[in-house]
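Observations on chain architecture
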Amino acid sequence: MGSAGRIKWLDSCKGFAIILVVLGHMEMGMRSSGSFLENLGALSALERGIYSFHMPLFWMLAGYTFYLAYCKRREEKAQSKDKMLAMLYKKFGR
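None of these values were measured; they are calculated from a predicted model.

All right, on to the overall build of the protein then. Helix and strand counts for the protein come out as three helices and zero strands. Counting from the amino terminus, the protein carries its helices and strands in the arrangement α-α-α. Computed over the C-alpha atoms, the radius of gyration of the protein is 23 Å, more than 25% above the 12 Å expected from 2.2 N^0.38 for a compact globule of 94 residues. Referenced to the eigenvectors of the C-alpha coordinate spread, the extents of the protein come out at roughly 85 × 25 × 15 Å. Within the protein, the fraction of its 94 residues that count as buried is 13%. Put simply, 59% of the contacts in the protein that link residues at least 6 apart link residues at least 24 apart. As displayed, the protein has an accessible area near 7600 Å², and 66% of this comes from carbon and sulfur atoms. In the protein, 14 positive and 7 negative side-chain charges are present, and the distance between their average locations comes to 17 Å.

This is how it looks when you write it as structure tokens:
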């Protein structure tokens, strides 16, 4: 983890996905404006490449972030609660 509890690789992946979205929108704008007609094949290939995985990447990163923020903490809390109850039962339950 980096500064302030940040996960560097996760932040880097999010940044990469954001750049892909920007590039995809730029490419669509260039094609729709009629610019760069001589490179239409390359632009189409760029669009297919970006749009083939950038949204699934966003969903995976969002799911992992959600897991870290909510589910993992809830599991840790549940484990702590179970341990505390086990200790209390062991101490006072007999």
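On to the side chain of Ser-44. Positionally, Ser-44 belongs in helix 2 (residues 40-51). Ser-44 gets classed as buried once you look at its relative accessible area, which sits at 17%. Sequence-distant contacts of Ser-44, defined by excluding residues within four places in its chain, comprise Glu-27 and Arg-31.

Before going further, it helps to examine a nonpolar patch on the surface. The grouping of Ile-18, Ile-19, Val-22, Leu-23 and Met-26 at the surface amounts to a nonpolar patch, some 440 Å² of accessible area in total. Its location among the elements puts Ile-18 in helix 1 (residues 8-33).

Across all of its chains, the model carries two aromatic pairs by this definition. Judged by centre distance (5.6 Å) and plane angle (40°), the ring pair of Trp-9 and Tyr-64 falls under tilted. Of this pair, Trp-9 sits in helix 1 while Tyr-64 sits in helix 3 (residues 54-92); the two residues are 55 residues apart in sequence, bridging distant segments of the chain.

Ile-7, Leu-10, Ala-17, Leu-57 and Leu-61 together form the largest nonpolar core, which totals five residues. For this core, the secondary-structure elements that each account for two or more residues are helix 1 and helix 3.

Let us now look at the pattern of salt bridges. The full count for this structure, using the stated rule, is three salt bridges. A salt bridge links Asp-11 to Arg-6; the shortest N-O distance between them is 2.8 Å. The salt bridge partner of Arg-31 is Glu-47, with a shortest N-O separation of 2.4 Å. Of this pair, Arg-31 sits in helix 1 while Glu-47 sits in helix 2, placing them 16 residues apart in sequence. Via salt bridges that share partners, Glu-27, Arg-31 and Glu-47 belong to a single interconnected network.

Reading the values: rules and limits
Residues numbered from 1 in each chain as written. Predicted model: local features only at pLDDT ≥ 70, side-chain atom pairs only at ≥ 80, totals over all residues. Heavy atoms only, no water. Helix = DSSP H or I, 4+ residues; strand = E, 2+ residues; numbered from the N terminus. Rg over C-alpha atoms; globule rule 2.2 N^0.38 Å. Buried < 20%, exposed > 50% of the residue type's maximum accessible area, 1.4 Å probe, protein only. Contact = heavy atoms within 4.5 Å. Areas by Shrake-Rupley, 256 points an atom, 1.4 Å probe, with all protein chains shown as cover. Lys, Arg positive; Asp, Glu negative; His and termini not counted. Charge placed at Lys NZ, Arg CZ, Asp CG, Glu CD. Patch = residues over 30% accessible without salt bridge, like charges linked within 9 Å, V, L, I, M, F, W, Y side chains within 5 Å. Salt bridge = Lys/Arg side-chain N within 4 Å of Asp/Glu carboxyl O. Phe/Tyr/Trp six-rings, centres within 6.5 Å; stacked < 30°, edge-to-face > 60°. Core = buried A, V, L, I, M, F, W, Y, C linked by side-chain atoms within 4.5 Å.

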